[in-house]
Amino acid sequence: MRIHVLNKNISVLYARYIIGLSLIVFVSCNPTKYIPENKTLLDNNSIHFDQKTKSISKSELKYYIKQKPNKKILGFRFHLGLYNLSNQEKEKWPHKWLRTIGEEPVIFDEFQTGKSSKDIESFLVHKGYFNASVNDTIFTKKKKARVVFQVRSGIPFKIRKIYYQIEDTAIAKIILADTILSVIRTGQKYDVDILQQERLRIERLIRNDGYYNFSKEYISFKADSTVGDHQLDLTLVINKYRIQTASNQILEVPHRKYIINNVFIYPGFDPQSALADPGKYYQDLDTFNYDGFYIMGRDSNFLVKSKRILQSNYIKGGQYYDQTDVAQTRLHLTSLDVYRSININFKEVENAGKQEDDYLLNCHIQLIPITLQSYTIELEGTNSAGNLGGAVNLLYKHRNLFRGSEVLDLKLKGAFETLTEKSGTLQNTLELGTEARINFPKFLFPFLDAERFIKKYNPETFLSFAYNYQKRPVFTRTIANISFGYHWQSSKYSTHIVNPLEINAVKLPVIDPDFAQKLDTTTYLAYSYKDVLITALNYSYIYNNQNIKKVADYTFFRLNMESAGNSLSGLLNLSNREKENENYSILGLEYAQYLKGDIDFRYHHYINKTDQLVYRAFLGVGYPYGNSQAMPFEKQYFGGGANGIRAWNVRELGPGSYDPGDVKFYNQTADIKFETNLEYRFKLFWVLEGALFLDAGNIWSIRQEDERPGSVFQWDKFYDDIALGTGFGARFDFSFFIFRLDLGMKLRDPSINGSNKWVMTNGGVNFKDDFTLHLGIGYPF
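About the criteria used
Residues numbered from 1 in each chain as written. Predicted model: local features only at pLDDT ≥ 70, side-chain atom pairs only at ≥ 80, totals over all residues. Heavy atoms only, no water. Phe/Tyr/Trp six-rings, centres within 6.5 Å; stacked < 30°, edge-to-face > 60°. Helix = DSSP H or I, 4+ residues; strand = E, 2+ residues; numbered from the N terminus. Lys NZ or Arg CZ within 6 Å of the ring centre and 35° of its normal. Buried < 20%, exposed > 50% of the residue type's maximum accessible area, 1.4 Å probe, protein only. Arc of directions from axis to C-beta. Polar contact = N/O pair within 3.5 Å; in protein donor to acceptor, adjacent residues only side chain to side chain. Contact = heavy atoms within 4.5 Å. Pairing = 2+ DSSP bridges. Axes fitted to C-alpha atoms, helices over the stretch in contact; angles between N-to-C directions. Salt bridge = Lys/Arg side-chain N within 4 Å of Asp/Glu carboxyl O. Patch = residues over 30% accessible without salt bridge, like charges linked within 9 Å, V, L, I, M, F, W, Y side chains within 5 Å. Areas by Shrake-Rupley, 256 points an atom, 1.4 Å probe, with all protein chains shown as cover.

1. Digging into the packing of aromatic side chains
Scanning the model with the defined rule gives 37 aromatic pairs in all. With a centroid separation of 5.1 Å and 80 degrees between ring planes, the pair formed by Tyr212 and Tyr321 is classed as edge-to-face. Placement of Tyr212 in the loop between α7 (192-207) and β5 (219-224) and of Tyr321 in the loop between α10 (306-311) and α11 (323-335) is noted, with a sequence separation of 109 residues between them. An aromatic cluster is built from Tyr212, Tyr258, Tyr321, Phe346 and Tyr359, whose rings are joined through pairwise contacts. Above the ring of Tyr320, the side-chain terminus of Lys257 is found at 4.2 Å from the ring centroid. Between the NZ or CZ atom of Arg748 and the centre of the ring of Trp758, over which it lies, the distance is 5.9 Å.

2. Topic: helix α15 (residues 566-574)
Listed as buried for α15 are Leu568, Ser569 and Leu572. Taken end-on, α15 shows its buried residues confined to a sector of 100 degrees, consistent with a single buried face. For α15, the exposed residues lying more than 90 degrees away from the buried face are Ser567, Leu571 and Leu574. Downstream of α15 by a residue or two, Asn576 has a phi angle that is positive, lying close to 55 degrees.

3. Describing the side chain of Arg201
Within the element layout of this structure, Arg201 appears in helix α7. Given a relative accessible area of 12%, Arg201 falls into the buried group. A distance of 2.4 Å separates a polar atom in the side chain of Arg201 from a polar atom in the side chain of Asp178. Residues within four places of Arg201 in sequence aside, it is in contact with Asp178, Leu181, Ser182 and Val183.

4. Focus on unusual backbone geometry
The residue after Trp93, namely Pro94, is reached through a cis peptide bond having omega 10 degrees. With respect to the helices, strands and loops of the structure, Pro94 is situated in the loop between α3 (78-84) and α4 (95-101). A cis amide bond links Gly654 to the next residue, Pro655, at an omega of -5 degrees. Within the secondary structure, Pro655 is located in the loop between β26 (612-624) and β27 (672-685). One non-glycine residue, Arg651, adopts positive backbone phi at about 65 degrees. On the secondary structure map, Arg651 appears in the loop between β26 and β27.

5. So, the sheet that holds strand β2 (residues 133-141)
Reading across from one edge, β1-β3-β2 is the order of the 3 strands in this open sheet, with mixed pairing throughout. This sheet does not close on itself; its edge strands, each paired only once, are β1 (41-49) and β2. For this sheet, the mean angle separating the axes of adjacent strands, direction not counted, is 20 degrees. For β2 and strand β3 (residues 144-152), the ladder comprises 9 bridges, and the chain directions are antiparallel. Residue pairing in the sheet places Thr137 in a bridge with Val148 of β3. Across the sheet, helix α5 (residues 110-126) touches β2 and β3, and the angle it forms with β2 is around 150 degrees.

6. Looking at the pattern of salt bridges
Overall, the coordinates contain 33 salt bridges when judged by the stated rule. Its salt-bridge partner being Arg616, residue Asp600 comes within 3.4 Å of it at the nearest N-O pair. In this pair, Asp600 sits in strand β25 (residues 594-606) while Arg616 sits in strand β26, placing the two residues 16 residues apart along the sequence. Note on Asp600: relative accessible area 8%, which makes it buried. When the shortest N-O distance is used, the salt bridge between Glu675 and Lys673 registers 3.8 Å. For Lys673, a relative accessible area of 12% gives the class buried. What you see here is one network of salt bridges that share partners, running through Arg646, Glu679, Arg681, Asp695, Arg731, Arg740 and Asp742.

7. Regarding the environment of Leu412
For Leu412, the position within the fold is in strand β16 (residues 407-420). Of the residues examined, Leu412 reaches a relative accessible area of 46% and is grouped as partly exposed. Discounting chain neighbours no more than four positions away, the residues touching Leu412 are Val392, Asn393, Leu394, Gly433 and Thr434.

8. Side note on a nonpolar patch on the surface
Residues Trp686, Phe734, Phe736, Phe737 and Ile777 make up a contiguous nonpolar surface patch of roughly 540 Å² in combined accessible area. Mapping Phe737 onto the fold places it in the loop between β29 (723-733) and β30 (738-748). The partly exposed category is assigned to Phe737, whose relative accessible area is 30%.

Below is the structure:
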């Protein structure tokens, strides 16, 4: 199959796509088409402040506006246009379908506008603006209504003094000793949301000190705003514990502090049997005492070793109840990945013969097992920076290999992929591989007692072995890999990955003669495509504060650092071993020596529930030295492709201003990469999403030995090597995967000779050379 035929067909498809969008945009220019005579279309809502209010944003207030105008995409009411394309009197296709995927016109409702004003005013009062007022003004023109909400916030009230009214002396002692950590401060603006945060903080504080039955419902606030000068005095009130007597009287008594009495663990809990006949089920269980814990089961040879379970447990007899210990126990037991569900229940123990203030709890931890072994055959589509292909994977998983929640994954893979020649022809690559990986749910490190580290961060240790065979059009490559490392989370959003040992043995047994001849013309590239041994140490830090349950802005950041060959170099220098061909070799392979680091930053900004702006910046640098004249090919950076600068094919761009001329395959790589992307994503209809994007960046070599003209990074001219591309895309969101079409267009091409690099003013745009179509799986970033 030839790519220019595909491009022709895709061109027709995109032409139809643009014509269809243009028709909808045209119709959306008449948004009042189906508005009744006595009604108006809500065209716009706006909020005006009478003065600058730094602590209140318009976006916060817009949340309380009941009626929202029809959505806009690039200034046009696209979804309303779809709706208006239909005939309201017809139910057959496509009219009913257009109304389904479109958006019904929002008819202005004066009652809802008045309610919105009251809700905004109420919100401002909760934020301390007790004298706030909101007035709405309605402007009507040509059956369109525009609403302006005039907000007079006034001066916010601030907290002058904080008082405490706590009847329970034991509770009062805890809270007064912890006021330094309070989120409420004198001089602070009054804010109901902050008061709610303080209620939750105090609830957690008290429950962590043994008060099992305490809740935020016992906490309230009283505000006295009569002190003047826009100040108020705040009183925190905590009521006593309420109990109901046998005669149905409600008594207020001091809050009860609980000690954990016994901990019962059910490693193979069966909820169906327990519900069907609870008496018989619990009676048939044997009890095993292990380090003071009661392990309940029918056989001492439990699914997971008792020691491993207890290592994940923070709840211990003789200690006061602690809410944080319960949460940590649930989290760590869940991470073992051998239990389908985890229930942690507490039951009060009668205090016969005990002092009145000694209240006891029995803890019951019910662990419901999951299926331990599984076999899976996967058929998948692949996308390597725009090169599409398919793969068949045979997977085997064992979740409890040594009865310590160790996870074994075995994988056999066969895959093919298409590569694009410059002539337009598609050729296939073949990949065969196998991989074995074991995850240990603990920190394995010689001579180190890591018990405290394990309890705090719940780390994992992994060991993997892999072998991969790749047959590409210009070479055949084999890669044998062994890696050992650690993975843990230091916080809710932060993840650390350390590989103290990663070994790759890369061999190229077959190289295409024409390609080999080209390599012989440049020493730098020849070094990149040599057989090589890579012994690396690497570290990755990942920060991701995305909440998948909530549509909200989020940030992704990844830092990678890698060092290779330094330990080997030191050992060989000490041993006075002689070099072969000016380099050291191990088992017949020259080892690579380099430093490499890169950062990837992304920010997702939601304009509304369906539209978002995504910003991305990437910077990476690799530096070969010592035993290496060039970075190994596998460790170099490349430009272009479906996940990079989309106006270029993968590995077509750069390095720098280098023009490869007439080559059979795009295969440009280098040591430095800088890339920025801006993408506007918006929902269209059905499963179809649209996108507009702008990409900029390039790759460069770091060593002067690179013979490719214009490829070396130079501080005084790198900005002139920046490539710029734009385009639009269509994405089909099928929930379980996203299929993507991105059409990129070159705006600025650094490989153009001369000072003018702009494509539009250099002979015009040529579809074959200046447009690139990418088919992808998933979002680009």
